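Structural overview
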Amino acid sequence: MLYNNYMERKTERLQDLDIDTFGFEDALEYGFAKRGQVVTLNPEMVMNSKKNIDLKKIINNAELVIPDGVGIEIGLKILGKKAHRIAGIEYAKAMIRKYWENSLPIALVGARQEVLELTCANLKKEFADIKIVYAHNGFFDNEDNVKLALRKSGAKLALIALGSPKQEQFIYDLKKNMPDTLFIGVGGSFDVWSNKVERAPEFYQKAGLEWLYRTVKEPARFRRIFPTLPLFVLRVIKERICKC
Ligand code: UDP
């Protein structure tokens, strides 16, 4: 087991969820050594965890919970706490690189078939001889068959892009049976890696405004963000006031 036991998790609590405070490189090293489930947390998931007790349990049982996006950073700031914002998509790509450098096999599950194929093709271009031992789109009838095939594949890194909370549950169900595998719930990352969806320009990424750019580009997302985002901020303000 590669577990790097000198690295201790330091978490901060927000809305009854434990969130890791590692910087990017440490989060990368920790995930690589520890295996298990990486959750890339956003305010929408925090709000869902209020109604969905399973999701809350899964998040709090994850090996690593990284604050994906400015919303979680702001939430923690309101509580007087701090964690490094880590874009899940960048974390996942850096992890692919690490697994590739170590010649370890990877698997991809999720997204539409065309998106999945383009993602695999682009990864093969970027990482010569990358070992993709299993790839399946995210629209399957028999989930058990996909899980079984993934187990049999021997993948050591599994990127699961089924959207939340589906991907978190899928990973949770599998991780006890695949103790040497690292799983990351990567949301819409395959859509970006396939070049089907553009990431926001760097300016928006740095300013923490990627969500705004994506909402303007894809107005259908508006309903997902509002009223969730303002409600999230109100909840956190309430958390702060009640504890003071
Ligand atoms: N997806 C999937 N199976 C499903 C539902 C969604 O594979 O049953 C995929 C979808 O095609 C997309 C990804 O899951 O590639 C997540 O998309 P979303 O925009 O919801 O992700 P996020 O906003 O979390 O990044």
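As the structure is a computational prediction, the values presented were derived from the model and not from experiment. (Residues numbered from 1 in each chain as written. Predicted model: local features only at pLDDT ≥ 70, side-chain atom pairs only at ≥ 80, totals over all residues. Heavy atoms only, no water.)

**Here we look at the overall build of the protein chain**
Along the protein chain, the regular secondary structure elements total 13 helices and 8 strands. In terms of overall dimensions, the protein chain is globule-like: its C-alpha atoms have a radius of gyration of 17 Å, near the 18 Å expected for 244 residues. Principal-axis analysis of the C-alpha atoms gives the protein chain an extent of 55 × 45 × 35 Å. When burial is assessed residue by residue, the protein chain has 46% of its 244 residues classed as buried. When contacts within the protein chain are restricted to residue pairs at least 6 apart in sequence, those whose partners lie at least 24 apart make up 73%. (Helix = DSSP H or I, 4+ residues; strand = E, 2+ residues; numbered from the N terminus. Rg over C-alpha atoms; globule rule 2.2 N^0.38 Å. Buried < 20%, exposed > 50% of the residue type's maximum accessible area, 1.4 Å probe, protein only. Contact = heavy atoms within 4.5 Å.)

**Focus on the sheet that holds strand S7 (residues 157-161)**
Think of a sheet as strands paired side by side through backbone hydrogen bonds, with each pair either parallel or antiparallel. If you trace the 6 strands from one edge of the open sheet to the other, you get S4-S3-S8-S7-S5-S6, paired in parallel fashion. Because the sheet does not close on itself, it has two edges, and the strands there are strand S4 (64-67) and strand S6 (132-136). Between one strand axis and the next, the sheet turns by 15° as a mean value, whatever way the strands run. Where strand S5 (residues 106-110) lies against S6, 4 bridges are found, and the strand directions are parallel. Paired with alanine 107 across the bridge in S6 is tyrosine 134. (Pairing = 2+ DSSP bridges. Axes fitted to C-alpha atoms, helices over the stretch in contact; angles between N-to-C directions.)

**Focus: the packing of helix H7 (residues 143-153) against helix H8 (residues 166-175)**
How two helices sit against one another is set out by the angle between their axes and by the gap between those axes. Relative orientation of the contacting elements H7 and H8 amounts to 55°, with a least axis distance of 11 Å. Here H8 runs oblique to H7, going by the angle between their axes. Here H7 and H8 pass one another in a crossing that is right-handed. Between H7, through Glu143, Val146, Lys147, Leu150 and Arg151, and H8, the contact on the second element is made entirely by Phe170, Asp173 and Leu174. Partitioned by chemical class, the residues of the contact of H7 with H8 number 4 nonpolar, no polar and 4 charged. (Parallel < 35°, antiparallel > 145°, perpendicular 65-115°, else oblique. Left-handed = near helix turned anticlockwise from the far one by under 90°. Nonpolar A, V, L, I, M, F, W, Y, C, P; charged D, E, K, R; others polar.)

**Regarding the pairing of S5**
Where a strand is regular, its side chains alternate between the two sheet faces. Most of S5 is tucked away, with 5 of its 5 residues classed as buried. Each parallel crossover has a hand, and the one from S5 via helix H6 (residues 113-126) to S6 is right-handed. Direction of pairing for S5 relative to S7: parallel, over a ladder of 5 bridges. Residue pairing in the sheet places alanine 107 in a bridge with alanine 158 of S7. (Right-handed = clockwise from strand over helix to strand, strands pointing away.)

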